[in-house]
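Listed below are the residues making up each chain.
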Amino acid sequence: MEASWKFEPKRRSQKSRDPMQGSFFTNASIDEDAQALIRELIQNSLDAKVDPTSQEPVKVRLSIGKHEPESGVMSYYVPEEAWMHFTAGDNGLDSPPSASDPCRFLVYEDFNTCGLVGDEKVNDEQSGNSFYYFMRAEGQSGKQDGVRGRHGIGKYVVPKASGIRTFIAVTVRNTDQRCLIAGQCVLKSHHVDGVAYTPDAWWGVFDEDEGGNDYFPLPVESESLFRQVVEHFGLARNRDQTGLSLIMPYVQEDISVKTLSKYVVNEYFWPILNGQLLVEVAEV
């Protein structure tokens, strides 16, 4: 089962929209973006601990790597037809990369966490379905009142870290031990070859109706794809380790081991000191 990209042509009834404020599409403050990334993702990981009463810490690993264009690795994940959207003149990106550029990538992984749980086929709000809230919802959160980050905005730090506003999620769930893999990108409404497209696109597999007029995006469940992604992006996750791995391609040079380490300490020194959190930052 192979994953592919699907960008949705805009119907006449749909609004042209920007999915976030204009700053989502700029790289004016990389330091602030890196800080927000660390703050939001580690908080989500702490909230997703498998057993909140356990003394075992939540483990987080951040790693940075690079693929040269001649390796051909990124063509598995960003084929030529997708580049047409990522380089469209009106997609909101000031200076997007191209297929001929090296790909620096950032990987965020958490362990001793639940992963993205819940029915991945649900297309409406459902209590306890973290897969739905992370992958399908905008401005919604499954967290309760008073819990940090409950408004569902923090998840935008993930595509924003990418120069093509894209991420790939690999999750092994503690509820059923299944491994699901899917990707998304978030652009502005844009045009390719004179056709208008909506902002959101999905990398995965698609359940299409008989007439081909509608489809529903689904994650891939494939052991071979899991092994491929682990090899290509240096994931530390084994198949029996539950949690979430996020891959953000084409990150800025300013996002470095030094920058990430600084914000890990600034934001989470106390959970680290008291043994609730263990963080590794590395280059691969």
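See above for the structure.
Residues numbered from 1 in each chain as written. Predicted model: local features only at pLDDT ≥ 70, side-chain atom pairs only at ≥ 80, totals over all residues. Heavy atoms only, no water.

1. Description of a nonpolar patch on the surface
Okay, so step 1: On the surface, Val265, Phe269, Trp270 and Leu273 cluster together into a nonpolar patch covering about 480 Å² of accessible area.
Okay, so step 2: Here leucine 273 shows up in helix H6 (residues 257-273).
Okay, so step 3: Residue leucine 273 is classed as exposed on the basis of its relative accessible area, which comes to 63%. (Patch = residues over 30% accessible without salt bridge, like charges linked within 9 Å, V, L, I, M, F, W, Y side chains within 5 Å. Areas by Shrake-Rupley, 256 points an atom, 1.4 Å probe, with all protein chains shown as cover. Salt bridge = Lys/Arg side-chain N within 4 Å of Asp/Glu carboxyl O. Helix = DSSP H or I, 4+ residues; strand = E, 2+ residues; numbered from the N terminus. Buried < 20%, exposed > 50% of the residue type's maximum accessible area, 1.4 Å probe, protein only.)

2. Here we look at the layout of surface pockets
Okay, so step 1: Estimated volume of the largest pocket: approximately 960 Å³.
Okay, so step 2: At the level of elements, helix H3 (130-135), helix H4 (157-160), strand S5 (179-186), strand S7 (195-208) and strand S8 (215-218) are the ones that each hand at least two residues to the lining of the largest pocket.
Okay, so step 3: A total of six residues in the lining of the largest pocket trace back to one element, the largest contributor, which is S7.
Okay, so step 4: Residue composition of the lining of the largest pocket, by class: 17 nonpolar, five polar and ten charged. (1 Å grid on protein atoms, 1.4 Å probe; cavity = no way out; pocket = protein on both sides within 12 Å on 5 of 7 lines; lining within 4 Å. Points joined across faces, edges and corners; volume = space filled by probe spheres on them. Nonpolar A, V, L, I, M, F, W, Y, C, P; charged D, E, K, R; others polar.)

3. Notes on the nonpolar core
Okay, so step 1: If you look at the biggest cluster of nonpolar residues, it comprises 39 residues, and the most contacted ones within it are Phe7, Tyr77, Phe86 and Phe233.
Okay, so step 2: Broken down by secondary-structure element, the contributors of at least two residues to this core are strand S1 (4-9), helix H2 (80-86), strand S3 (103-111), strand S4 (166-172), S5, S7, S8 and helix H5 (223-233).
Okay, so step 3: Every residue in contact with phenylalanine 86, bar those within four places of it in the chain, is listed here: Trp5, Phe7, Val78, Asn91, Leu93, Pro96, Ile164, Thr166, Cys185 and Leu187.
Okay, so step 4: Listed in part, the 35 residues of the second largest apolar core include Ala169, Ala182, Val251 and Tyr268. (Core = buried A, V, L, I, M, F, W, Y, C linked by side-chain atoms within 4.5 Å. Contact = heavy atoms within 4.5 Å.)

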